[in-house]
Amino acid sequence: MKKTLVILIIIALLLSFTALVYYAFRHARGIPVTAEKIERLTLEVPFIDREIDLSEGISKEPWDSIAPKEVKLMYQVMVLPWPKVVVPTVTVKAFHNGKDIYFYMSWKDDTEDRDLDVNKFSDACAIMFPLGKEVQPSTIMMGFIGRANIWQWKASQDKEYWLKEGPKVKAYADFHYPFEETELFPVSKTVPKSAVNDLVAIRVGTVTPKEVQGQVEGRGFWRDDHWHVVFKRAIEAIDPEVDTIFEFRKKRLSAFAVWNGAKGDRGGRKSISDWVELEVE
Amino acid sequence: MIEHRLHRLKIQITQIVVFVSCLLSLVSLGVAEDRFFEIRAKKFSYTPNIIKVNKGDVVKIRLISEDVYHGLFLDGYGINTLAYPGQEGAVKFVADKTGRFSFRCSHTCGEFHPYMIGYLYVSPNRLFPLGASGILVFAALSLALSFRKSGKAAKFKLFGLVPLDWRFELTRFKVVRNLFKNRWFPFIPIVINLFVFTIILLAGILGGWGAGNYNFGVMIVWILWWVLLMMFMVPVVGRLWCMVCPFPLIGEWMQRGKLIGVGRQKSWGLNKKWPNKWKNLWPLVILFWISTWFSGFFTVRPLATFMLLGTIIVLAIVISIVYEKRTFCITMCPVSGFMGLYSNFSLCAVRRKDPEVCQKHTLKTCFLGNEKGYGCPWMELPYEMNRNTYCGLCLECFKTCPYDNMGFFLRPFGQDLFAERRRTDDLYRRRGLDEAFKGLTMMGIFLSFFIAFQGPFGHLKDMARATTLGGYLAYLAESFLVDFIFIPGLLLLFAFLSKRMSRTKEVSLKTVFVNLSYALVPVGLAIWAGFSLGIILPNGSYLLHILSDPFALGWNLFGTANFPWTPVFTGIMPYLQVLTVMIGLLFALDLGYKLSLQTYKTVEESRRGWIPILVYLVIIHLFFLKLFCG
């Protein structure tokens, strides 16, 4: 009798365990968690009923009411040489007023580099927005894989555009592709239509200024070892093929880059961020 | 004229000095270079997996992911970057620290994520030659001391300081004694442990095939428990885990009919006796080795951990109702074998206090039981127990002894390794090949685990996780060859040399092999402690996450669910691992020579026979050093 009972207990145990394993197998197959989700920084773009006239400055007031986001930057990977230093972080903020969208970037820079000369380069910053809905383009080289719209503000161009002061020297270097100015005789150099270059790219080596410039405005100030730069553009895109489309309550990607001219950053040598998600409220 | 010549000579000497010093500085420091590496990350390895630079080099790394999100965290430098297909990572740093540094994935990329490792060598690596010099110096000192000491008296003191038979009774304190005699102890800790293991099992079922580093079951069992076991429980208290283990609880309840009080002395069920010829560690050697076949699954997959633990629980119940008492713990539990063997080295032990009291007490209630408690569930003879191998610290002998003659003692490390044979030793076949092979296979399993899980070789990780059947079978074959042929073969060779050099004819080769294998007990503990450091320091921070969210349901019980992965002290980890290896070596040298004295008949024979074993210990320690920092 006892033997039968022991055998029954063993059978019951084995069956229960098998059932449990079977359940676990079935259950587990339903939720295969193999890797962490990619968690991106989100930059909220709130509605603030304010307009900034950049000709009068970048206006401190609306920016103070917006929570900043610290975006980490890393070296731009490129064929040697790499940038000498990395700008570790850039503070970004954004808002819209229903008509225009504004971005604010601020980063630490010990020197204000607005003048171009031989072996002297301008500080700059940029925002990239991928275009289209295909495979996510990489931030690498600001438009490596897919189409992208890039807004690049340059301190030298800012001086030229807002302060109407052209380069003091007749020749300056260097003209490294991309993000550098077209190599021209200074006499034939056109007057910029904005402090911001509005660019498009479809893959590596294709960064090209758009035919129509001036849609994106920008202005920067250097104060207390920091740059403060504001970008402004109308929310409505003029040409959806090449202009960034901002849709309300929809997430879209963006990336940020900073050049430190005093450390030799120019062209591809810069500090770049990973993707940051924009959420226009 | 002379002044002019002197001046010229002066200039020439200065030039030569400047030239030579420049040359020397170039030779000694090397020329700092810009070094660029393109590292491709793919589950679960880096290509290249080993990179070598010189001190002062500016190192630039471009990280390219070929499948999912991967990271690259560099131990010692604290540098981190991330990459996924289309988004590359980049780091740049000056290699100003020398040595071997692991770079490891910093973003959970799948089940083998914690094992995704590569090595960066920054020359000159001073730790390895420093450690190797230490090993040689210690060995030379040991040899010199062994030839200096007079007679066999040297064997009675550990490091010549603490008498090996010294002991201090902790149960002389009333609080400890009363606790040990209370029937609620260790029942309460077992119940607490049962609660924790219930959560572990539930997390195992719910976690399924998820990544183990975010699973309560995997993290508690393979990160916390294993590390505590190897670094604290076994070396300090011996079978402390067996004292609080919840697995035999149900089986024991069925056997006794009571959970806390004293019920049946004779086990309920078939109450069969385990065959005498298997009353040794051989079943445990084989079972633990077989369980390591699946290490590539149950250390990373929650469901596999559940299946392993579930199998152990079911087996514990089944064996309990078929066989008497704790037959399962003694002969079947996979972890019981190494805990039993290594417990002989531990700092604590349960022993009788006065042998005369036991001699006069003819009833032997510690073995048979009485109304206060059960006869030793581990079927030991507490009244003459002199080794920890089969003492599960259940504390029943404290309850059943009417003369309070059992004590819990603090003693020098390794005391039991010299225990004299008793008549009952034949019953358990103690101090035999089974214990020797347990120690040797533990070394082999350490080797396989370290190279596969903490090494930089992706193809070995693929073999261990059975991405192909052929690769998996090759991994098992390698494990068999290393554990049962190569490592025992190497000791056999040196045991043979030892016997030859001793020139004895009275001691058999088997006795030399078995006796000297006990010198590997502290070595085994030390290398496993080093291995455990490689688990807990990089991955310990995941524990904070799983404590707050044990079932991965998005809970945040203690506010630590979002604590990021934070490796701790990984920069000095190789130094800590080398330190553990050195401590193991020191004990092995001291205890090894004493074992040699115990094995051979005369001091001269022991000294001569000790030399090959010393060489053997040096060789294996140089190898371990190479693994940890070379």
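What counts, and where the lines are drawn
Residues numbered from 1 in each chain as written. Chains lettered and ligands numbered in written order. Predicted model: local features only at pLDDT ≥ 70, side-chain atom pairs only at ≥ 80, totals over all residues. Heavy atoms only, no water. Helix = DSSP H or I, 4+ residues; strand = E, 2+ residues; numbered from the N terminus. Buried < 20%, exposed > 50% of the residue type's maximum accessible area, 1.4 Å probe, protein only. Contact = heavy atoms within 4.5 Å. Areas by Shrake-Rupley, 256 points an atom, 1.4 Å probe, with all protein chains shown as cover. Phe/Tyr/Trp six-rings, centres within 6.5 Å; stacked < 30°, edge-to-face > 60°. Lys NZ or Arg CZ within 6 Å of the ring centre and 35° of its normal. Pairing = 2+ DSSP bridges. 1 Å grid on protein atoms, 1.4 Å probe; cavity = no way out; pocket = protein on both sides within 12 Å on 5 of 7 lines; lining within 4 Å. Points joined across faces, edges and corners; volume = space filled by probe spheres on them. Nonpolar A, V, L, I, M, F, W, Y, C, P; charged D, E, K, R; others polar. Axes fitted to C-alpha atoms, helices over the stretch in contact; angles between N-to-C directions. Parallel < 35°, antiparallel > 145°, perpendicular 65-115°, else oblique. Core = buried A, V, L, I, M, F, W, Y, C linked by side-chain atoms within 4.5 Å. Disulfide = S-S within 2.5 Å.

The helix and strand tally for chain B stands at 24 helices and 16 strands. A total of 630 residues make up chain B; the buried ones form 61% of that total. At a minimum sequence separation of 6, the contacts of chain B that also span at least 24 residues come to 78%. Of the roughly 25600 Å² that chain B leaves accessible, carbon and sulfur atoms contribute 69%.

Attention now goes to the packing of aromatic side chains. Residue and element names in this part refer to chain B. For the structure on display, the rule yields 68 aromatic pairs over all chains. Where phenylalanine 338 meets tyrosine 342, the ring centres are 6.4 Å apart and the plane angle is 55°; that geometry is what we call tilted. Within this pair, phenylalanine 338 and its partner tyrosine 342 are both found in helix H12 (residues 336-343), separated by 4 residues, close to a single helical turn. The class of tyrosine 342 is buried, set by a relative accessible area of 0%. A cation over an aromatic ring shows up here: lysine 52 above the ring of tyrosine 121, its NZ or CZ 5.6 Å from the ring centre. Over the ring of tyrosine 119 we find arginine 100; its NZ or CZ atom is 4.0 Å from the centre of that ring.

Quick look at the pairing of strand E4 (residues 100-108) of chain A now. Residue and element names in this part refer to chain A. For E4, the tally of buried residues reaches 8 of 9 residues, placing the bulk of the element in the interior. Pairing of strand E3 (residues 89-96) with E4, which is carried by 6 bridges, proceeds in the antiparallel orientation. Note that in E4 the partner of histidine 96 across the bridge is isoleucine 101. Counting the residues that bridge the hairpin from E3 to E4 gives 3 residues, and of these glycine 98 lies at a positive phi of roughly 90°. Two strands pair when backbone bridges link them, and E4 and strand E10 (residues 226-234) are joined in this way by 9 bridges, in the antiparallel orientation. Across the sheet, lysine 108 pairs through a bridge with histidine 226, a residue of E10.

What follows covers helix H3 (residues 155-162) of chain A. All names here are of chain A. Summarising burial for H3: 7 of the 8 residues are buried, a large majority. Among the residues making up H3, those that are buried are Ala155, Ser156, Gln157, Asp158, Lys159, Glu160 and Trp162. At its buried positions, H3 is contacted by strand E6 (148-154), strand E7 (196-201), strand E9 (217-223) and E10. Where H3 terminates, the next one or two residues include lysine 164, which has phi positive at roughly 55°.

Below, the discussion takes up empty space enclosed by the protein. A probe as big as a water molecule, rolled over the atoms, marks out the empty space that is left. Residue and element names in this part refer to chain B. Taken as a whole and assessed by the stated rule, the structure comprises 14 cavities of 30 Å³ or more. Lining of the largest cavity is provided by 37 residues; of these, Val221, Trp222, Trp226, Phe298 and Thr299 occupy positions nearest its centre. Elements with a contribution of two residues or more to the lining of the largest cavity: helix H5 (216-237), helix H8 (282-292), helix H9 (295-298), helix H10 (302-322), helix H17 (433-453) and helix H21 (520-539). Roughly 230 Å³ of volume is contained in the second largest cavity. Lining the second largest cavity are 21 residues; nearest its centre among them are Pro186, Ile190, Glu252, Arg256 and Glu396. Those elements that provide at least two residues to the lining of the second largest cavity are helix H4 (187-207), helix H6 (240-244), helix H7 (249-256) and helix H15 (396-400). Here the element with the most residues in the lining of the second largest cavity is H7; it accounts for 4 residues. For the lining of the second largest cavity, the class distribution of residues is 13 nonpolar, 1 polar and 7 charged.

This part takes up the packing of H8(B) against H17(B). Residue and element names in this part refer to chain B. Axis separation between H8 and H17 bottoms out at 9 Å; the angle between their running directions is 10°. Regarding the angle of H8 to H17, the classification is roughly parallel. Facing Trp282, Leu284, Val285, Phe288, Trp289 and Thr292 of H8, the residues of H17 in contact are Leu433, Asp434, Phe437, Lys438, Thr441, Met442, Ile445 and Phe449. Class assignment for the residues of the contact of H8 with H17 results in 10 nonpolar, 2 polar and 2 charged.

This brings us to the environment of B:Gly407. Residues and elements named next belong to chain B. Positionally, glycine 407 belongs in strand E16 (residues 406-410). Note on glycine 407: relative accessible area 0%, which makes it buried. Separated by 238 residues in the primary sequence, glycine 407 and glutamate 169 have C-alpha atoms spaced 6.1 Å apart. When near neighbours in sequence (up to four residues on either side) are disregarded, glycine 407 contacts Glu169, Thr171, Arg177, Ala349, Val350, Arg351, Lys353 and Phe398.

Here the focus is the nonpolar core. In a soluble, globular protein the nonpolar side chains are often hidden away together inside. The biggest cluster of nonpolar side chains holds 202 residues, and the ones touching the most others in it are B:Trp226, B:Phe338, B:Tyr342, B:Val350, B:Phe446 and B:Trp528. When residues in this core are grouped by element, the largest group, 15 residues, is from H5(B). Every residue in contact with B:Trp528, bar those within four places of it in the chain, is listed here: B:Trp226, B:Met230, B:Tyr342, B:Met442, B:Ile445, B:Phe446 and B:Phe449. Formed by 42 residues, the second largest nonpolar core is a distinct cluster that contains A:Val90, A:Tyr104, A:Ala195 and A:Ile235.

Attention now moves to the state of the cysteines. All names here are of chain B. Counting across every chain of the model gives 0 disulfides over all chains. Counting only cysteine sulfurs, cysteine 245 is the nearest neighbor of cysteine 333, a cysteine outside any disulfide, at a range of 6.3 Å. Using a relative accessible area of 12% as the deciding quantity, one classes cysteine 333 as buried. No disulfide involves cysteine 366; its nearest neighbouring cysteine sulfur is the one of cysteine 358, lying 6.3 Å away. Cysteine 366 sits in the buried class, given a relative accessible area of 9%.

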